[in-house]
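Observations on chain architecture
Here is how the chains run, residue by residue.
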Amino acid sequence: MKFSDYPTNVPKLEDIQKDFGALIDEFAKATSVQEATKSIKKIQAYGDELGTDITIISIRFSLDYKNKAISDANDYLDTIYPYISQLSNRFNQLIVASPFRAELEKTFGEYLFKMIETSLKCFDDSIMDLMAQEAKLQTEYSKLISGAKIKFHGETYNLSQMGKFTQDKDRETRKAAFKATTRFFEKNDQRLGEIYDELVKVRDEMAKKLGFKNFVELGYLKLGRLDYTAEDVKGYRDQIYREVVPFVNRLYKQIAKRAGIKSPKIYDLSQSFVDGNPTPRGDREYLVQQATTMYNEMSPETNEFFNFMVDNELLDLDARAGKRGGGYMTYMPRYKAPFIFANFNGTQGDVDVLTHEVGHAFQGYQSRDIKVPEYRMPTLEACEIHSMSMEFFAWPWMHLFFDEDKKYHLSHIEGAVKFLPYGVSVDEFQEWVYENPNVTHEERCAKWREIEKKYLPARKYTGFKYLEKGTFWLRQGHIFTSPFYYIDYTLAQVLAFQFATEMFTNRTKAWNKYVKLCKLGGRYPFVELLEHAKLRNPFIEGNVKKVINPVKRKIKELNKELFD
Ligand code: ZN
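Counting of residues starts from 1 at the beginning of each chain's written sequence and follows it residue by residue. For a predicted model such as this one, the threshold for reporting local features is a pLDDT of at least 70, and the threshold for listing and counting side-chain atom pairs is 80 or more; totals across whole chains, interfaces and linings nevertheless cover every residue. Neither water nor hydrogens contribute to the side-chain values; these are computed over all heavy atoms in the structure.

Turning our attention to the coordination of the zinc ion. As a rule, N, O and S atoms within 2.8 Å of a metal are its donors, except that Na, K and Ca use 3.2 Å; water is not among the atoms, so sites may look incomplete. Distances from the zinc ion to its protein donors, namely His356 (NE2), His360 (NE2), Glu384 (OE) and Glu384 (OE), fall within the range 2.1 to 2.5 Å. Relative to the metal, the 4 donor atoms surrounding the zinc ion lie at angles of 54 to 143°, and the coordination shape comes out irregular. Mapped onto the sequence, the residues coordinating the zinc ion show the spacing H-x3-H-x23-E. In this pair, histidine 356 is assigned in helix 15 (residues 348–366) and glutamate 384 in helix 16 (residues 380–393), connecting sequence segments 28 residues apart. In this scheme the shape depends on donor count and angles: four donors with every angle between 85 and 135 degrees give tetrahedral, four or six donors with opposite pairs above 155 degrees and others between 65 and 115 give square planar or octahedral in turn, and any other case is irregular. Counting from the N terminus, the helices are DSSP H or I runs at least four residues long and the strands are E runs at least two residues long.

Turning our eyes to something else, we now look at the state of the cysteines. By definition, disulfides here are pairs of cysteine sulfur atoms that lie within 2.5 Å. If you walk through the whole model with that rule in mind, you get 0 disulfides. Free cysteine: cysteine 518, not disulfide-bonded; nearest cysteine sulfur from cysteine 383 at 9.9 Å.

All right, on to the nonpolar core then. Within the largest apolar cluster, 159 residues are counted, with the highest numbers of intra-cluster contacts made by Tyr236, Met332, Phe401, Phe497 and Phe526. At 12 residues, helix 17 (residues 405–435) tops the list of elements feeding residues into this core. The contact rule is simple, with two residues in contact once any of their heavy atoms fall within 4.5 Å. Not counting residues up to four positions away in its chain, the partners in contact with phenylalanine 497 are Phe392, Ile413, Ala416, Val417, Leu420, Val547, Ile548 and Val551. To form a nonpolar core, buried Ala, Val, Leu, Ile, Met, Phe, Trp, Tyr and Cys residues must be joined to one another through side-chain atoms within 4.5 Å. Exposed residues in this analysis have more than 50% of their type's maximum accessible area, buried residues have under 20%, and partly exposed residues fall in between, with area computed by a 1.4 Å probe over protein chains only.

One non-glycine residue with positive phi stands out, namely glutamate 313, at about 55°. Tracing the backbone shows glutamate 313 in the loop between helix 14 (300–311) and strand 3 (315–318). The exposure class of glutamate 313 is partly exposed, given its relative accessible area of 35%.

Turning our eyes to something else, we now look at the sheet that holds strand 3. For two strands to pair, DSSP has to find at least two bridges joining them. Across the sheet, which stays open at both edges, the 3 strands sit in the order 3-5-4 with mixed pairing between neighbours. Of all strands in the sheet, those with a lone pairing partner are strand 3 and strand 4 (328–332), marking the two edges. Sheet twist, expressed as the average angle between the axes of neighbouring strands with direction ignored, equals 10°. Of the pairings in the sheet, the one linking strand 4 to strand 5 (residues 337–344) comprises 5 bridges and is antiparallel in character. Bridge pairing in strand 5 links threonine 330 to phenylalanine 339. Think of each axis as a best-fit line through the C-alpha atoms, taken over the contacting stretch in the case of a helix, with angles from 0 to 180 degrees between the N-to-C directions.

A few words now on the environment of phenylalanine 165. Mapped onto the secondary structure, phenylalanine 165 falls in helix 7 (residues 159–166). The spacing of phenylalanine 165 and lysine 175 is 10 residues in sequence and 8.8 Å in space, taken between C-alpha atoms. Setting aside anything within four residues of it in sequence, one finds phenylalanine 165 in contact with Phe152, Tyr157, Thr173, Arg174 and Ala177.

Next up on the list: the pattern of salt bridges. Any carboxyl oxygen of Asp or Glu that lies within 4 Å of a side-chain nitrogen of Lys or Arg is treated as forming a salt bridge with it. Taken as a whole and judged by the stated rule, the model has 42 salt bridges. Of the charged contacts in the structure, one is a salt bridge between arginine 237 and aspartate 427, with a shortest N-O distance of 2.6 Å. With a gap of 190 residues between them, arginine 237 in helix 11 (residues 230–243) and aspartate 427 in helix 17 connect regions that are remote in the sequence. An identical accessibility class is assigned to arginine 237 and aspartate 427; each is buried. Between lysine 554 and glutamate 557 there is a salt bridge, with the nearest N and O atoms lying 3.3 Å from each other.

Let's shift gears to the pairing of strand 4. Burial within strand 4 is extensive, with 4 of its 5 residues counted as buried. A loop of 4 residues connects strand 4 with strand 5, the two strands running antiparallel in sequence, and lysine 336 in this loop sits at a positive phi of about 50°.

Once that is clear, we can look at the packing of helix 17 against helix 18 (residues 441–455). Interaxial distance between helix 17 and helix 18 falls to 10 Å at its minimum, and their mutual angle equals 145°. As for how helix 17 packs across helix 18, the hand of that crossing is right-handed. Every residue of helix 18 that contacts helix 17 at Pro421, Tyr422, Val424, Ser425, Val426, Glu428, Phe429, Trp432 and Val433 is listed here: Glu443, Arg444, Lys447, Trp448, Ile451, Lys454 and Tyr455. Each residue gets one label: Ala, Val, Leu, Ile, Met, Phe, Trp, Tyr, Cys and Pro are nonpolar, Asp, Glu, Lys and Arg are charged, and the others, such as Gly, are polar. Taken together, the residues that form the contact of helix 17 with helix 18 break down as 10 nonpolar, 1 polar and 5 charged. Two helices that cross are described as forming a left-handed crossing if the nearer one is turned anticlockwise from the farther one by less than a right angle, and a right-handed crossing if clockwise.

Looking now at a positive patch on the surface. Only residues above 30% relative accessible area that lack a salt bridge enter a patch, with like-charged residues linked at up to 9 Å and the nonpolar side chains Val, Leu, Ile, Met, Phe, Trp and Tyr linked at up to 5 Å. Using the Shrake-Rupley algorithm and a 1.4 Å probe, accessible areas are obtained, with residue cover drawn only from the displayed protein chains. Within this scheme the basic residues Lys and Arg register as positive and the acidic residues Asp and Glu register as negative, but His and the chain ends are omitted. We put the charge of a Lys on NZ, of an Arg on CZ, of an Asp on CG and of a Glu on CD. A surface patch of positive charge is lined by Lys151, Lys179, Arg183 and Lys187. A total of 3 residues in the positive patch trace back to one element, the largest contributor, which is helix 8 (residues 171–187). You can see lysine 187 is positioned in helix 8.

Expected helix span is given by 1.5 Å per residue-to-residue step, counting one fewer step than there are residues. Between its terminal C-alpha atoms helix 8 stretches 24 Å, which fits the 24 Å expected from 17 residues at 1.5 Å a residue. Among all positions of helix 8, only Thr173, Arg174, Ala177, Phe178, Ala180, Thr181, Thr182, Phe184 and Phe185 are buried. Buried residues in helix 8 make contact with helix 6 (128–146), strand 1 (150–152), helix 7, helix 9 (189–209) and helix 19 (465–468).

To continue, consider the packing of aromatic side chains. Two rings from Phe, Tyr or Trp (for Trp, the six-membered ring) form a pair when their centres are within 6.5 Å of each other. A pair whose planes differ by under 30 degrees is stacked, one over 60 is edge-to-face, and the rest are tilted. Within this structure, the stated rule accounts for 51 aromatic pairs. A ring pair is formed by tyrosine 220 and phenylalanine 484, whose centres lie 5.4 Å apart and whose planes are at 65°; its orientation type is edge-to-face. Of this pair, tyrosine 220 sits in helix 10 (residues 215–222) while phenylalanine 484 sits in the loop between helix 20 (477–481) and helix 21 (487–505), and the two are 264 residues apart along the sequence. According to the relative accessible area criterion, tyrosine 220 is buried, its value standing at 4%. Given a relative accessible area of 0%, phenylalanine 484 falls into the buried group. An angle of 40° between the planes, with centres 5.2 Å apart, marks the rings of tryptophan 511 and tyrosine 514 as tilted. A residue pair is termed a helical-turn pair when its members lie 3 or 4 positions apart in one helix, as tryptophan 511 and tyrosine 514 do in helix 22 (residues 507–520) at 3 residues. For the residue pair tryptophan 511 and tyrosine 514, the accessibility class agrees, reading buried in each case.

Remember, this is a structural readout, not a statement about activity or role.
Have a look at this one:
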C-alpha cells in the first residue's frame, strides 16, 4: 500500500476515552495472568493503531501545513495529548502494581516494567500546568527562530537558508552572511535569554515537585537513560577533552592551511578545501536513483528495504512551498512502514539524508516484527548509531553521488571528529545550567564562553563582540527544546567510528554486526545494548582513546592520499 492510499483518520477524544478506558478497565479486572496478558496485548495493539493515525496526521501536516483540514486536525491533537497521557498514566500505575507482575515480566521482559516505572517517576498531575508552560515557551522559541527574516544581498532569507551562505566558498560572502545571522541573535538576545531563563525555572520546579534535587536527574530519566548517569557522562566528557580536543586543534590548523586560509576566523571553520566542499551531482530524482543502486548492491537486507520505501512512496525529499523545514524519520506500526522527510537543497546534506535518515529507517524496518511496541526503537543515543554508522557503510558508493568521492570521505570523517568537542560543550553547559538554575543570562553567557575556550580554542570571535560575550549557544535549538539530548550525537559518533574502523578491515563482519544491532531494536537500555552488540562502551575509561586512534590514522592516510 502506498503512502498516498493510507487513510487520514482523526481520532476523537471521546472515542479514545471510551475505547482505551474500557481496555484499561478490562485489565484492572483481570483475575488471571492469562487474562492480564491478553488485555495488555490488546492495549498494545490499540496503541499501535492510535499511534499510526496520529503519525499519519503529523506527517501530512509537515508536508502541507497550509492544508486547513490537516492543520485543524493537528491543532486538535495538540489539545488532546495531555488526556491521552493521563490515560496511559492510569494504565501504567495499574500494570506496575499488578498482582501478576512477576509472571508478566517473564512474558514482556523486565525492561518494559523499568521503562514504565521511569515514566511514572517523570509524571504527576501536579506538574501538568508546568508542562503546558514548558510547551508554550518551546513553541515561542521555535517560532522566533523559524520566523527570522534576514536581509542579505538584497533578498530575505530564514536561518536555515542562510546556511549555504555562511559556508560559501567566497570568504567575504561567508563573513557577511555570518554577520547578518549574528545580528538577528543580537537583536533578539533579550527575549531569547528570558525564554531560556523561564524554561530553566519551569523545569527546575517540575523536578522539585517530583522529588528530585534539580532537573539533571529528571532530564536523564525523561530520556530513558536507565543504565548510566550524569557522573558517567562527565567522565566521558573528560576523555573527549584529553583524547580529542588537542587532535582537533591541530586538525583545524592543518585544514586551514590546506584550504589556504591565514588566521582562520569563526566563519572559516566550515571550509575544508581551497575549491570548496564537495557538492552532489544531480537533482533529487538522480540522487534517489543512485541511492537505489547503492542499496541494491550493499546487501540483500538494504535492497529489500529501500525498494519497499521507494515503491510505497515513503520518502518525501523535495523542498517546496508549504512544506515544513528540516528532516526526520518516523514509523507507522499498522503498515510496518518507516517514513523519511527531507528538504533537498543541492548541498552535500542531500546525500547525508540518503545515508543518515535512511539508516534510521533501516533500523525501523529491521525491527518491524518486534511484538512489544516499546522494544521496537531504542533510546535516542542508540538510534543515532544506526544512522551515523550507515553514513560510513555508504562510503564505497560515494562516487555515485560526487565527482570527488575521496574528498567527501575526508570531509565527512574530519567533520565527525571536529563535532565531538562542540557536542560535549553543549552538554557541559546544560549540566551547569540546571545545577545553577538561579543565575542571570549574563552569567550563563560567561559560563558558555569559558566552556568554549576549554573545548573549542580554535573558535576565534575577532570582530564579533556580541559572540565574544558567550552567546553562541542561543542558536543551538536543542538547548531550549530538548534538554540533555545532544551528547547523544557524540556518543553515537564514537560508536559509529567503531563500525567504520571495523568496516575498513572486514566489511562483512562489521555489516553483520550492524544488522544485528538494528534487529535488536530497543530491547535493552543503552549500555546493555552495546554489550549485546559487542561494542565498546564509551563511558569506560580508556575506550574513547581506543576508538579514536584508528580514526586519527584514517584521517592522516586520506590526507596523504589526496594531497601528498
Ligand atoms: Zn539522526
